[in-house]
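What follows is each chain in one-letter form.
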Amino acid sequence: MRKNIVAGNWKMNTTVPEGVQLAKDVCEAVAAAGELKCDVIMGVPFTHLTAVCETIGTANVGLAAQNCADHTSGAYTGEVSAPMVASTGAGYVILGHSERRGYYNETAEMLKEKVDLALANGLKVIFCCGESLEERENGTFKDVIAAEIRDSLFHLSAEQFKEIVIAYEPIWAIGTGKTATSDQAQEIHAFIRGLLTEQFGAQVADDTTILYGGSCKPSNAPELFAKPDIDGGLIGGASLKAADFMGIVTAF
Ligand code: PEP
């Protein structure tokens, strides 16, 4: 049985004290909400990981980094490795976000290394994929998504793939207020599950959590999450206010 997940991606927002306060607000809201139908994860800046991990304490909330290096250690000034992330207590790392692919030139090959290092260090991976507006409009979007998944993840064994969560995030919907319709998102989620079935078999594909990301908010989450292949969301802007984030968490 696959898990439903709602994961926040705080991106480069909040100072450490502000982040600790936000984490506290989310943990308190999760505790007050009682039994939830999804796992809740906060994806925070590197600088916040240790403090937010302490803040989470025994609360039922997971912690993710937003990136990790494609090397384990050494002379890579400014980089943060998978073992470093794991040592903070984080259980997840977001990899392949379109902002990292686009602004920092992360290639499929680099992401493959990052995925391997994350898994080798006990981190689960939230792996992002998604097409640009141009690719959506010129009809190549399915090829683009398939290539992103294939080129960085299809070297894994079926056993390793159990530690992967996929996040489909159409670039044209990220931070733009334009959400993919629930039918557009469902079509791609089903397409991705089909790719996973071909590569890893029906059981692994069926057990894989596939999140939607892109201007997801409390008002559109219920319709998106009602679709059979949409297992939750990766949430940017709306994860920065505990009330908005919880409005999505409770949409299931
Ligand atoms: C994201 O960047 O992962 C994201 C989904 O952003 P937003 O929700 O702000 O569109």
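Note that the structure is a prediction, hence the values are computed from the model and not measured.

K.L.:
Teacher, can you tell me more about the sheet that holds strand β8 (residues 232-235) here?
P.N.:
The strand order around the closed barrel built from 8 strands is β1-β2-β3-β4-β5-β6-β7-β8, with neighbouring strands paired in parallel fashion. Across the sheet, the mean angle separating the axes of adjacent strands is 25° when strand polarity is ignored. Relative to strand β2 (residues 39-43), strand β1 (residues 5-9) is paired through 5 bridges, and the arrangement is parallel. Its bridge partner being in β2, Ile5 is matched across the sheet by Asp39. Helix α2 (residues 49-56) rests against β2 and β3 (62-65) of the sheet, and its axis sits at about 175° to β3.

K.L.:
Quick question: what am I supposed to make of the pattern of salt bridges here?
P.N.:
Where side chains of opposite charge bring their charged atoms close, a pairing between them can arise. Under the defined criterion, the tally for this structure stands at 16 salt bridges. A salt bridge links Glu187 to Lys142; its shortest N-O distance comes to 3.0 Å. With Glu187 in helix α9 (residues 182-200) and Lys142 in helix α7 (residues 141-153), the pair connects residues that are 45 residues apart, well separated along the chain. On the basis of relative accessible area, Lys142 is assigned to the partly exposed category, the value being 28%. Between Asp183 and Lys227 there is a salt bridge whose closest N-O contact spans 2.8 Å. Taken together, the residues span a long stretch of sequence, with Asp183 in helix α9 and Lys227 in the loop between α11 (221-225) and β8 at a distance of 44 residues. Residue Asp183 is classed as exposed on the basis of its relative accessible area, which comes to 51%.

K.L.:
Please explain the site of the ligand as it appears in this structure.
P.N.:
Around the ligand there are 14 residues in total, and Lys11, His97, Glu169, Gly175 and Ser215 lie nearest to it. A distance of 2.9 Å separates an oxygen atom of the ligand from a polar atom in the backbone of Gly236. A total of 300 Å² of accessible area belongs to the ligand in isolation, and the protein chains cover 95% of it. Across the shell around the ligand, the residue classes tally to 4 nonpolar, 8 polar and 2 charged.

K.L.:
I'm lost on the nonpolar core in this one. Help?
P.N.:
Generally speaking, a soluble globular protein has its nonpolar side chains buried in company with each other. In this structure, Met42, Leu153, Ile164 and Ile192 are the most contacted members of the largest nonpolar core, which totals 69 residues. Ranked by residues supplied to this core, first place goes to α9 with 6 residues. Met42 has contacts with Gly8, Trp10, Ala23, Val26, Cys27, Val52, Ile56, Val61, Gly62, Leu63 and Ala64, leaving out every residue within four places of it along the chain.

K.L.:
For this particular structure, what's the right way to read the packing of aromatic side chains?
P.N.:
In this description, an aromatic ring pair is defined by two values, namely the gap between the centres and the angle between the planes. Tallying each qualifying case throughout the model produces 5 aromatic pairs. Taken together, a centroid distance of 6.5 Å and an interplanar angle of 80° make the contact between Tyr103 and Tyr104 edge-to-face. Taking relative accessible area as the criterion, Tyr103 reaches 62% and is therefore assigned exposed. By the ring-pair criterion, three or more aromatic residues cluster together here, those being Phe154, Phe161 and Phe200. The positively charged end of Arg136 is found above the aromatic ring belonging to Phe141, 4.0 Å away from the centroid. Positioned above the aromatic ring of Phe191 is the side chain of Lys142, whose terminal nitrogen or guanidinium carbon lies 5.5 Å from the ring centre.

K.L.:
How should the packing of α7 against α9 be read in this particular structure?
P.N.:
Between two packed helices, the angle of one axis relative to the other and the distance separating the axes together describe the packing. At a minimum axis separation of 11 Å, α7 and α9 run at an interaxial angle of 40°. In terms of their interaxial angle, α7 and α9 are classed as oblique. For the pair α7 and α9, the crossing hand works out as right-handed. Within the contact between the two elements, α7 uses Phe141, Lys142, Ile145, Ala146, Ile149 and Leu153 and α9 uses Glu187, Ile188, Phe191, Ile192, Leu195, Leu196 and Phe200.

K.L.:
Explain the packing of helix α1 (residues 16-33) against helix α12 (residues 242-249) here, please?
P.N.:
Where α1 meets α12, the axes come as close as 9 Å, and the angle between the chain directions of the two elements is 40°. Taken as axis vectors, α1 and α12 run oblique relative to one another. As α1 runs across α12, the sense of the crossing is right-handed. Side by side, α1 and α12 meet where Leu22, Asp25, Val26, Ala29, Val30 and Ala33 of the first sit next to Ala242, Phe245 and Met246 of the second.

Reading the values: the criteria
Residues numbered from 1 in each chain as written. Predicted model: local features only at pLDDT ≥ 70, side-chain atom pairs only at ≥ 80, totals over all residues. Heavy atoms only, no water. Pairing = 2+ DSSP bridges. Helix = DSSP H or I, 4+ residues; strand = E, 2+ residues; numbered from the N terminus. Axes fitted to C-alpha atoms, helices over the stretch in contact; angles between N-to-C directions. Contact = heavy atoms within 4.5 Å. Salt bridge = Lys/Arg side-chain N within 4 Å of Asp/Glu carboxyl O. Buried < 20%, exposed > 50% of the residue type's maximum accessible area, 1.4 Å probe, protein only. Near = heavy atom within 4 Å. Polar contact = N/O pair within 3.5 Å; in protein donor to acceptor, adjacent residues only side chain to side chain. Areas by Shrake-Rupley, 256 points an atom, 1.4 Å probe, with all protein chains shown as cover. Nonpolar A, V, L, I, M, F, W, Y, C, P; charged D, E, K, R; others polar. Core = buried A, V, L, I, M, F, W, Y, C linked by side-chain atoms within 4.5 Å. Phe/Tyr/Trp six-rings, centres within 6.5 Å; stacked < 30°, edge-to-face > 60°. Lys NZ or Arg CZ within 6 Å of the ring centre and 35° of its normal. Parallel < 35°, antiparallel > 145°, perpendicular 65-115°, else oblique. Left-handed = near helix turned anticlockwise from the far one by under 90°.

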